[in-house]
Amino acid sequence: MVQALHTALSGLTAFARTVQTTAHNLANVHTAGFTRGRSDFQETLDGGVRASDITDQVPGPIFQQTSQGSHFEMQSHVDIGEEMVNLRLAQREFELNASVVSTSDQMLGTVLNIRK
């Protein structure tokens, strides 16, 4: 039970970091030259999960057409639709880990009440 609690708490921390990264991407969607970040998950030795941030190295080229002609311009390559899907997935995964914490807490409380 304690291991499940530890695993769920590490998941909460990892998905909170994912939400933070996605929010940062969305906040900079119109920033020229912005490079998109994403979260990568690794399993830890104690059974938990850890998120690390990875930044794309090159911003995406955007074809711009102006009154002076057409040219390529380095813009942010953040896709709002993709980021919103990532945000929704992270929210659901966060909620699932929170329910595991709640269930583990209830189970631990039941075990402690049985011992009385």
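Residues numbered from 1 in each chain as written. Predicted model: local features only at pLDDT ≥ 70, side-chain atom pairs only at ≥ 80, totals over all residues. Heavy atoms only, no water.

On to the overall build of the chain, then. On a plain count of helices and strands, the chain comes out with two helices and four strands. N-terminal to C-terminal, the α/β element order of the chain is α-β-β-β-β-α. A buried classification covers 25% of the 116 residues belonging to the chain. Excluding contacts between residues fewer than 6 apart, the proportion of contacts in the chain whose partners are at least 24 apart in sequence is 54%. Of the roughly 7,800 Å² of accessible surface on the chain, a fraction of 58% belongs to carbon and sulfur atoms. (Helix = DSSP H or I, 4+ residues; strand = E, 2+ residues; numbered from the N terminus. Buried < 20%, exposed > 50% of the residue type's maximum accessible area, 1.4 Å probe, protein only. Contact = heavy atoms within 4.5 Å. Areas by Shrake-Rupley, 256 points an atom, 1.4 Å probe, with all protein chains shown as cover.)

A contiguous nonpolar patch, built from Val 2, Leu 108 and Leu 112 and spanning about 270 Å² of accessible area, is present on the exposed surface. Within the secondary structure, Leu 108 is located in helix α2 (residues 80–115). (Patch = residues over 30% accessible without salt bridge, like charges linked within 9 Å, V, L, I, M, F, W, Y side chains within 5 Å. Salt bridge = Lys/Arg side-chain N within 4 Å of Asp/Glu carboxyl O.)

Note that strand β1 (residues 37–43) and strand β2 (residues 49–55) share seven bridges and pair antiparallel. Considered in β2, the bridge of Phe 41 is made with Ala 51. Taking the residues that link successive antiparallel strands as the turn, the β1-β2 hairpin has five residues, and the phi of Gly 47 there is positive, at about 95°. (Pairing = 2+ DSSP bridges.)

Before going further, it helps to spend a moment on the confidence of the model for the chain. The share of residues in the chain with pLDDT of 70 or more is 83%, and the mean pLDDT across the chain is 82. Within the chain, the element-level pLDDT minimum falls on strand β3 (residues 61–66), averaging 62, and the maximum on β1, averaging 89. (pLDDT = per-residue confidence, 0-100.)

What follows covers the packing of aromatic side chains. Using the criterion set out here, one finds one aromatic pair in the structure. Residues Phe 15 and Phe 41 carry aromatic rings whose centres are separated by 5.1 Å and whose planes lie at 50° to one another, so their mutual orientation is tilted. One end of the pair, Phe 15, is in helix α1 (residues 2–27); the other, Phe 41, is in strand β1, with 26 residues separating them in the sequence. Overall, Phe 15 belongs to the buried group, its relative accessible area being 12%. Its relative accessible area of 35% is what places Phe 41 among the partly exposed residues. (Phe/Tyr/Trp six-rings, centres within 6.5 Å; stacked < 30°, edge-to-face > 60°.)

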